[in-house]
Amino acid sequence: MDTKVYYIDEHDDEIIKKAAEVIKNGGLVVFPTETVYGLGANALDENACKKIFEAKGRPQDNPLIVHVADFDISKYVDYIPDNAKKIMENFWPGPITMVLKKSQIVPMLVTANLDSVAIRMPSNKVARKLIEYSNVPIAAPSANISGRPSPTTIEHTIEDLNGKVDMIIGGDKCEFGLESTVVEVLDDKVTILRPGAITKDMLEEIGLTVDIDPAILKKPDGSLKPKSPGMKYRHYAPKADMTIITGRIDRTVDYINHKINELKMQGKMVGVLATDETKHLYNGGYIISVGTREKLGLIAANLFDTLREFDKIDVDYIYAEGFSEEGLGLAIMNRMKKAASYNIINL
Ligand code: AMP
Ligand code: MG
């Protein structure tokens, strides 16, 4: 397939309208959002959505998020709890997805046969214009080949999907760089199914009772089934074998330096996911700072790009400094743990 790539911003209405035509005609468009780039199709067109699964190699049992540009979501859901209204008022448009009971018109393929549907209104202006001009909701998972780190730049999407989609539009690096927070919303409480930029504290601050799905806090072992089907897959995975080191930072640096030397003697190349505070402390290895520990938001925004960078230079092993799981740290460590297949050493 010949993929048309357009570097644009939100003022390029002509191109966004062209992309909207592709969506209306049942095609696939890669577009930017504030979380990660999305691979979109008309959410009400089952055949179009089928192509999403094919292009990504996505397992059929992993449902898609439906993106809207209008606060009136009543057509797509059966029932809107007050808690959902609160979330919309406070955080939409933005990086939080709500799982609600679905209506008939949402195809079962989109929800992977669940009776619930995941819905989000993105804040990115290109994304919203695309949805508005298409005049349909857009189903869109992350625009990467399944299993690879999610795409936070247009280049990442070209790497993965050039030739497999009709059109790629965008240009800006994603503001948050981690996929949206996913919450199941009921009358009495909300449950975080996937941590993201909207944190538990932020949801509690607006008066909600918030649980975290226990299955996302631990290594999957079959005993607890995550309520968000996507969370059971190995994800975000770089090619190299990755290990996260947690605990005191001085010990972490010593341990990783020891590994760099040991593996170098075996002719192996080590990549280190470091921070601005520590990057000068390593001797040897391929060091990438993911940002300063003072700004977790920047670390989140850089994480997937850093993992892809290690793929490019083809390191054999990656050692990554861990982060505290407070606030946004929970989402960062969730993605890192999956990337590392839960290879964690606590010093
Ligand atoms: P992605 O769009 O690639 O970030 O993946 C979407 C995420 O939302 C996956 O983890 C899905 O499992 C989750 N999701 C989508 N729809 C539902 C749903 N109806 N119930 C629970 N989780 C969902
Ligand atoms: Mg994804």
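Residues numbered from 1 in each chain as written. Chains lettered and ligands numbered in written order. Predicted model: local features only at pLDDT ≥ 70, side-chain atom pairs only at ≥ 80, totals over all residues. Heavy atoms only, no water.

Colleague: Can you help me understand the layout of surface pockets in this one?
Modeller: Over the atoms, a rolling probe the size of a water molecule traces out where space has been left empty. Taken as a whole, the second largest pocket holds about 250 Å³ of empty space. Every residue along the wall of the second largest pocket is listed here: His67, Val68, Ala69, Asp70, Asp72, Lys75, Tyr76, Ile131, Glu132, Asn135, Val136 and Pro137. Residues that form the lining of the second largest pocket fall into these classes: 6 nonpolar, 2 polar and 4 charged. (1 Å grid on protein atoms, 1.4 Å probe; cavity = no way out; pocket = protein on both sides within 12 Å on 5 of 7 lines; lining within 4 Å. Points joined across faces, edges and corners; volume = space filled by probe spheres on them. Nonpolar A, V, L, I, M, F, W, Y, C, P; charged D, E, K, R; others polar.)

Colleague: Can you help me understand the side chain of Asp213 in this one?
Modeller: Inspection of the secondary structure assignment puts Asp213 in the loop between strand 11 (210–212) and strand 12 (241–246). For the buried Asp213, no salt bridge exists, and the shortest N-O distance to an oppositely charged side chain is 6.3 Å, to Lys227. A polar side-chain atom of Asp213 sits 2.9 Å from the main-chain amide nitrogen of Lys227. The residues contacting Asp213, other than those within four sequence positions of it, are Thr191, Ile192, Leu193, Pro226 and Lys227. (Helix = DSSP H or I, 4+ residues; strand = E, 2+ residues; numbered from the N terminus. Buried < 20%, exposed > 50% of the residue type's maximum accessible area, 1.4 Å probe, protein only. Lys, Arg positive; Asp, Glu negative; His and termini not counted. Salt bridge = Lys/Arg side-chain N within 4 Å of Asp/Glu carboxyl O. Polar contact = N/O pair within 3.5 Å; in protein donor to acceptor, adjacent residues only side chain to side chain. Contact = heavy atoms within 4.5 Å.)

Colleague: Please clarify how empty space enclosed by the protein should be interpreted in this entry.
Modeller: Under the defined criterion, the tally for this structure stands at 2 cavities of 30 Å³ or more. As a volume, the largest cavity reaches approximately 100 Å³. Lining the largest cavity are 13 residues; nearest its centre among them are Ala215, Ile216, Lys218, Pro220 and Pro226. Within the lining of the largest cavity, the residues separate by chemical class into 7 nonpolar, 2 polar and 4 charged. Estimates place the volume of the second largest cavity at around 60 Å³. What lines the second largest cavity is Pro195, Ile216, Leu217, Glu325, Leu330, Met333, Asn334 and Lys337. For the lining of the second largest cavity, the residue count by class is 5 nonpolar, 1 polar and 2 charged.

Colleague: Looking at this structure, I do not really get the site of ligand 1. What am I missing?
Modeller: Near ligand 1 you find 20 residues, and of these Ser116, Pro141, Arg194, Ser228 and Gly230 are the closest. Measuring from an oxygen atom of ligand 1, one finds a side-chain N or O atom of Arg58 at 3.1 Å. One of the side-chain N or O atoms of Ser116 is found 2.9 Å from a nitrogen atom in ligand 1. Out of a free accessible area of 500 Å², ligand 1 has 95% covered by protein chains. Contributing elements (two or more residues each) for the shell around ligand 1: strand 6 (116–120) and strand 10 (190–194). Tallying contributions element by element places strand 6 first for the shell around ligand 1, with 3 residues. (Near = heavy atom within 4 Å. Areas by Shrake-Rupley, 256 points an atom, 1.4 Å probe, with all protein chains shown as cover.)

Colleague: I keep staring at the packing of helix 5 (residues 154–161) against helix 8 (residues 296–313) and nothing clicks. Help me out?
Modeller: What describes two packed helices is the angle between their axes and the distance between those same axes. The N-to-C vectors of helix 5 and helix 8 enclose an angle of 50°; their axes lie 11 Å apart at closest approach. Considering their axes alone, helix 5 and helix 8 lie oblique with respect to each other. In terms of crossing hand, the pair formed by helix 5 and helix 8 is left-handed. Where helix 5 approaches helix 8, its residues His156, Glu159 and Asp160 are matched on the opposing element by Asp305, Arg308 and Lys312. Tallied by class, the residues present in the contact of helix 5 with helix 8 amount to no nonpolar, 1 polar and 5 charged. (Axes fitted to C-alpha atoms, helices over the stretch in contact; angles between N-to-C directions. Parallel < 35°, antiparallel > 145°, perpendicular 65-115°, else oblique. Left-handed = near helix turned anticlockwise from the far one by under 90°.)

Colleague: Can you help me understand the environment of Gly147 in this one?
Modeller: Along the chain, Gly147 turns up in the loop between strand 7 (138–139) and helix 5. Residues Gly147 and Lys218 lie 71 residues apart in sequence; the distance between their C-alpha atoms is 19 Å.

Colleague: Would you mind going over the sheet that holds strand 6 with me for this structure?
Modeller: Sheet strands associate in pairs through backbone hydrogen bonding, adopting either a parallel or an antiparallel arrangement. Strand order in the open sheet formed by 11 strands is 1-8-2-3-7-4-6-5-9-10-11, with mixed pairing between adjacent strands. Lying at the two open borders of the sheet, with one neighbouring strand each, are strand 1 (4–7) and strand 11. Examined bridge by bridge, strand 1 and strand 8 (residues 167–170) share 4 bridges and lie parallel to one another. Across the sheet, the residue bridging to Val5 is Ile168, located in strand 8. Strand contacts of helix 1 (residues 13–24): strand 1, strand 2 (29–31), strand 3 (38–42), strand 7 and strand 8, with the helix running at about 145° to strand 8, the strand carrying the most contacts. Across the sheet, helix 3 (residues 82–91) touches strand 5 (96–101), strand 9 (181–185) and strand 10, and the angle it forms with strand 5 is around 160°. (Pairing = 2+ DSSP bridges.)

Geometry only, nothing functional implied.
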